[in-house]
Amino acid sequence: MTRNCLAHRAAQIFVFAFLFAQACLAQQKISDIEKLLFESVNRERAAMKLPLVKWDEGLARAARKHAERMAEQDLLEHQVPGEVDLPTRARGEGASFSHITENIGMGASGDKLHDGWMHSPGHRANILDHAVDSIGIAAVEGEAELYAVEDFAHAVAVLSIEEQEKRVGETLVARGLKLINIGSDARMSCELDRGYVGNSKAMYIAHYETPNISQLPGSLEKEIQSRRYKSAAVGACPQKGASRFTRFRIVVLFY
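Keep in mind that this is a model prediction, so the values were computed, not measured. (Residues numbered from 1 in each chain as written. Predicted model: local features only at pLDDT ≥ 70, side-chain atom pairs only at ≥ 80, totals over all residues. Heavy atoms only, no water.)

## Considerations on the overall build of the protein chain
Across its full length, the protein chain holds nine helices and eight strands. Taking the intrachain contacts of the protein chain between residues at least 6 apart in sequence as the baseline, contacts between residues at least 24 apart amount to 68%. (Helix = DSSP H or I, 4+ residues; strand = E, 2+ residues; numbered from the N terminus. Contact = heavy atoms within 4.5 Å.)

## With respect to unusual backbone geometry
Backbone geometry at D74 places phi at a positive 55°, although glycine is not the residue there. If you trace the backbone, D74 turns up in the loop between helix 3 (57–73) and helix 4 (86–92). For D74, a relative accessible area of 55% gives the class exposed. One non-glycine residue, R227, lies in the positive phi region at around 60°. On the secondary structure map, R227 appears in the loop between helix 9 (218–225) and strand 7 (231–237). (Buried < 20%, exposed > 50% of the residue type's maximum accessible area, 1.4 Å probe, protein only.)

## Describing the packing of helix 2 (residues 32–47) against helix 5 (residues 110–118)
The geometry of helix 2 relative to helix 5 is characterised by a closest axis approach of 9 Å and an angle of 35° between their N-to-C directions. For the pair helix 2 and helix 5, the sense of crossing is right-handed. Along its contact with helix 2, which presents I33, L36, L37, S40, V41 and E44, the element helix 5 presents G110, D111, L113, H114, W117 and M118. Residue composition of the contact of helix 2 with helix 5, grouped by class: seven nonpolar, three polar and two charged. (Axes fitted to C-alpha atoms, helices over the stretch in contact; angles between N-to-C directions. Left-handed = near helix turned anticlockwise from the far one by under 90°. Nonpolar A, V, L, I, M, F, W, Y, C, P; charged D, E, K, R; others polar.)

## Observations concerning the sheet that holds strand 5 (residues 178–179)
Here we have four strands laid out as an open sheet, ordered 5-7-8-6, and mixed in their pairing. Every other strand in the sheet has two partners, leaving strand 5 and strand 6 (204–210) as the edge strands with one partner each. Pairing of strand 5 with strand 7 involves two bridges; the strand directions are parallel. In the sheet register, K178 faces strand 7, and the bridge partner there is S231. Contacts from helix 7 (residues 161–174) reach strand 5, strand 6, strand 7 and strand 8 (248–254), with the element oriented near 150° to strand 7. Running over the sheet, helix 9 touches strand 6 and strand 8 and is turned about 145° from strand 6. (Pairing = 2+ DSSP bridges.)

## So, helix 2
Here helix 2 spans 22 Å end to end across 16 residues, near enough to the 22 Å set by a 1.5 Å rise per residue. Turning to helix 2, its buried residues are E34, L37, F38, E39, S40, V41, N42, R45 and A46. Trailing helix 2 by a residue or two, K49 shows a phi angle of about 60°, which is positive. (Expected span 1.5 Å × (residues − 1).)

## Some points on the packing of aromatic side chains
Applying the stated criterion to the full structure yields five aromatic pairs. With a centroid separation of 5.7 Å and an interplanar angle of 75°, the aromatic rings of F38 and W55 are classed as edge-to-face. Within this pair, whereas F38 is found in helix 2, its partner W55 is found in strand 1 (residues 54–55), the two being separated by 17 residues in sequence. When its relative accessible area of 12% is taken as the criterion, W55 is described as buried. Seen in terms of ring centroids, Y204 and Y229 are 6.2 Å apart; in terms of plane orientation they differ by 40°. Their pairing is tilted. Here Y204 is found in strand 6, whereas its partner Y229 is found in the loop between helix 9 and strand 7, with 25 residues between them in sequence. Residue classification places Y229 among the buried residues on the basis of a relative accessible area of 9%. (Phe/Tyr/Trp six-rings, centres within 6.5 Å; stacked < 30°, edge-to-face > 60°.)

## A look at the sheet that holds strand 3 (residues 134–141)
Sheet strands line up and pair through hydrogen bonds in the backbone, either parallel or antiparallel. Within the open sheet, the four strands sit side by side as 1-3-4-2. Their pairing is mixed. Each having just a single partner strand, strand 1 and strand 2 (97–107) make up the two edges of the open sheet. With eight bridges joining them, strand 3 and strand 4 (residues 146–155) adopt antiparallel strand pairing. Within strand 4, the position partnered with G136 by the bridge is D151. Sitting on the sheet, helix 3 is in contact with strand 1, strand 2, strand 3 and strand 4, with an inclination near 30° to strand 3. Most of the contacts of helix 5 go to strand 2, to which it runs at about 120°, and overall it touches strand 2 and strand 4.

This is the structure we're talking about:
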């Protein structure tokens, strides 16, 4: 395929993704200014051949509450007096993520806000962050200007213990291993940093944490590639404490 064909195909993909993002956005109740800011972010990302971000209602609720607090107190801060920090307030609004950043600003219009962010290295970096896939935006009228917030995040799915075990199990089966149903034994090892509590001693035991449930750690992939094991059991563990970032805790037993 020629370079021109590749460029044309890439352009088609970005146009399709942009239209899909617009269709999803049309289902949300947001202001014209917030819609303009959302479109502006994705236009910048498309120009840099970065994946477009999708609208996240949890992030949007967190952004709106923060914008309202800034407008009420006439302060331009990432954390105003009496307010929890960004990860805590985003999680409190139902967002689940492994990475989060924020742009705040004051301006006369959406265009001026976006232009100001794009001419600020830190804010521009957030808009063009390859690690984010979701956004929530709010713009609130202050006494003289708009107060605006853009919350960016890498979203993590909210999964039950059983769903986590199923996802990891599917990945292991795809690698050629047979799953055995002793998940409860594997879960019994959740409180250990290493080792196993149960009745059937495994040949290899792995404890790991990850924000990406579908990706195995390199050490586990290496063990699978050794072809020393025929079967595996998976146990998913509750997240420790009240962590602000979502990470999955997994125990895998190889036999």
